[in-house]
Structure formats: C-alpha cells, structure tokens
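Here is how the chains run, residue by residue.
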Amino acid sequence: MDWKEVKDVDKGEAYLKKEFKFKDFISAWAFMNKVALLAEKAGHHPDWSNSYNKVIIMISSHDAGNIITEKDRNLADLIDKLGH
C-alpha cells in the first residue's frame, strides 16, 4: 500500500492520503464513481478532491476522532484493488 500517513500533531489527527492520476477527466470521474460505491457499501466515506485528471483521497475515521483505524486501511485496500 503506497498510501501516505499524514499526521497533524497540533490537532492530534491523522489520515491516509493518496493521489491518483488518469488520462483525462472522464477516467478520473469514473474512478470516483467506483470509489463512491465502495465507500457507501462500507459505510465509510473519504474526503477527496478532483481537478481534471487528478483525484486526491484522504481517509480517516471521523467517529474515532479523525485518526487512522483498521477501517481506513481496509477501505484503502479496496480502493487499490479497483486498479487505475
């Protein structure tokens, strides 16, 4: 898993972050749709952004105080299995 663990020491928060690049906007949007279906099924929704062919996903467990939990790692693994 090549997700980065990002920590905000001042807030005591952490999240997994990964940037995905695609050939164009439509490919990036199609990927986001797949991730949205996975996230909804898992009941665990990421924070993300999209700019043309780039999607940045950040995952943390909000209900656990915005820290990284096994739930986050599981969602990251599922996203990686989508391929891109």
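Predicted model, so just to flag it, every value in this text is computed and none were measured.

Rules used throughout
- Residues numbered from 1 in each chain as written.
- Predicted model: local features only at pLDDT ≥ 70, side-chain atom pairs only at ≥ 80, totals over all residues.
- Heavy atoms only, no water.
- Axes fitted to C-alpha atoms, helices over the stretch in contact; angles between N-to-C directions.
- Helix = DSSP H or I, 4+ residues; strand = E, 2+ residues; numbered from the N terminus.
- Left-handed = near helix turned anticlockwise from the far one by under 90°.
- Contact = heavy atoms within 4.5 Å.
- Nonpolar A, V, L, I, M, F, W, Y, C, P; charged D, E, K, R; others polar.
- Polar contact = N/O pair within 3.5 Å; in protein donor to acceptor, adjacent residues only side chain to side chain.
- Salt bridge = Lys/Arg side-chain N within 4 Å of Asp/Glu carboxyl O.
- Buried < 20%, exposed > 50% of the residue type's maximum accessible area, 1.4 Å probe, protein only.

Another point: the packing of helix α1 (residues 25-42) against helix α2 (residues 70-81). The description of two packed helices rests on the angle between their axes and on the distance between the axes. α2 packs onto α1 with a crossing angle of 140° between their chain directions and a minimal axis gap of 10 Å. When you trace α1 past α2, the crossing you get is right-handed. Residue-level inspection shows F31, V35, L38 and A39 of α1 in contact with α2, the latter providing L75, L78 and I79. Of the residues belonging to the contact of α1 with α2, the class tally is 7 nonpolar, no polar and no charged.

This part takes up the side chain of K18. Structurally, K18 can be placed in strand β2 (residues 13-21). A polar side-chain atom of K18 sits 2.7 Å from a polar atom in the side chain of D80. Those residues in contact with K18 that sit more than four places away from it in its chain are D2, W3, V55, I56, I57, D80 and H84.

Next up on the list: the pattern of salt bridges. Applying the stated criterion across every chain yields a total of 5 salt bridges. Put simply, K18 and D80 hold a salt bridge, and the shortest N to O gap is 2.7 Å. Here the residue K18 occupies a position in strand β2, and D80 occupies one in helix α2, the gap between them amounting to 62 residues. K18 gets classed as buried once you look at its relative accessible area, which sits at 8%. Close ionic contact of K21 with E19 constitutes a salt bridge, the shortest N to O distance being 3.7 Å. For K21, a relative accessible area of 57% translates into the label exposed. When its relative accessible area of 41% is taken as the criterion, E19 is described as partly exposed.

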